[in-house]
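# Reading the structure
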Amino acid sequence: HTANRGNFTTVTQTILDRLPAEDTKTTYVYDEYKYHLIREDNIIYLCLADAAMASRIAFAFLSQLREDFEPYLAQAMGANAYSLTGQVGPILKRHMRAYSGAGGDKIAAARDGV
């Protein structure tokens, strides 16, 4: 989900086509964006972020999504694209707001509080 314009779909498909079959956690850089992804048990969690965003924030976001998505895994295995948007969409939006704002970097917040 993004308000930005670009060839994100094409780049994402290229990344997914080249992704190894085994579980992985990696980042791909394209222009001024980073594609962060976690592949676990044949489920791919991917987010697109500005290059300036710390990778630890993006991976914390993906880890939280992975945890929150767990109850939907059985449904997802046989689902069509976008069929879980009603259930998962609000969770995704909430986390996008939380991790995009100043509160998303808990390490920096802790460091600043010292």
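Presented here is an overview of the structure given in this document. Being a predicted model, the structure only gives us computed values, none of them experimental. (Residues numbered from 1 in each chain as written. Predicted model: local features only at pLDDT ≥ 70, side-chain atom pairs only at ≥ 80, totals over all residues. Heavy atoms only, no water.)

### Some details on the pairing of strand S3 (residues 43–50)
With 8 bridges joining them, strand S2 (residues 33–40) and S3 adopt antiparallel strand pairing. Its bridge partner lying in S3, Leu37 is registered against Leu46. Counted between consecutive antiparallel strands, the loop separating S2 from S3 contains 2 residues, among which Asp41 sits at a positive phi close to 55 degrees. (Pairing = 2+ DSSP bridges. Helix = DSSP H or I, 4+ residues; strand = E, 2+ residues; numbered from the N terminus.)

### Focus on the sheet that holds strand S1 (residues 24–30)
Strand order in the open sheet formed by 3 strands is S1-S2-S3, and the pairing between neighbours is antiparallel. With partners counted over all chains shown, the strands left at the sheet margins are S1 and S3, one partner each. Across the sheet, the mean angle separating the axes of adjacent strands is 15 degrees when strand polarity is ignored. Each of S1, S2 and S3 touches helix H1 (residues 8–18); the most contacted strand, S2, lies at about 40 degrees to it. Sitting on the sheet, helix H2 (residues 55–69) touches S1, S2 and S3, and the angle it makes with S2 is about 40 degrees. (Axes fitted to C-alpha atoms, helices over the stretch in contact; angles between N-to-C directions. Contact = heavy atoms within 4.5 Å.)

### Description of the packing of H2 against helix H4 (residues 85–100)
Relative orientation and spacing of two packed helices are given, respectively, by the angle between their axes and the distance between those axes. Remark: H2 packs on H4, axes separated minimally by 11 Å, with the N-to-C direction vectors making an angle of 155 degrees. The angle between the axes of H2 and H4 places the two elements in the roughly antiparallel class. In this structure, H2 crosses over H4, and the sense of that crossing is right-handed. Residues Ile57, Ala60, Phe61, Gln64, Leu65, Asp68 and Phe69 of H2 pack against Val88, Ile91, Leu92, Arg94, His95, Met96 and Tyr99 of H4. (Parallel < 35°, antiparallel > 145°, perpendicular 65-115°, else oblique. Left-handed = near helix turned anticlockwise from the far one by under 90°.)

### Observations regarding H2
An ideal rise of 1.5 Å per residue puts 21 Å on 15 residues; H2 measures up with 21 Å between its terminal C-alpha atoms. All of the buried residues in H2 are Ile57, Ala58, Phe59, Phe61, Leu62, Leu65, Asp68 and Phe69. Of the surrounding elements, those touching the buried residues of H2 are S1, S2, S3, helix H3 (73–77) and H4. (Expected span 1.5 Å × (residues − 1). Buried < 20%, exposed > 50% of the residue type's maximum accessible area, 1.4 Å probe, protein only.)

### Here's the deal with the side chain of Thr12
By the element assignment, Thr12 lies in helix H1. Under the relative-accessibility criterion, Thr12 is labelled buried at 18%. Among the polar contacts listed, one links the side chain of Thr12 to the backbone oxygen of Phe8, at a separation of 2.7 Å. If sequence neighbours within four positions are ignored, Thr12 has contacts with Tyr35 and Leu46. (Polar contact = N/O pair within 3.5 Å; in protein donor to acceptor, adjacent residues only side chain to side chain.)

### Some remarks on the nonpolar core
In terms of nonpolar packing, the biggest core is built from 16 residues, with Phe61, Leu62, Phe69 and Tyr72 touching the most fellow members. Looking at this core, the elements that each hand over two or more residues are S3, H2 and H4. A total of 7 residues in this core trace back to one element, the largest contributor, which is H2. If we ignore the near neighbours within four places in the chain, the residues touching Phe61 are Cys47, Leu92, His95, Met96 and Tyr99. Ranked by size, the runner-up nonpolar core spans 7 residues in total, among them Val11, Ile15, Leu19 and Tyr35. (Core = buried A, V, L, I, M, F, W, Y, C linked by side-chain atoms within 4.5 Å.)

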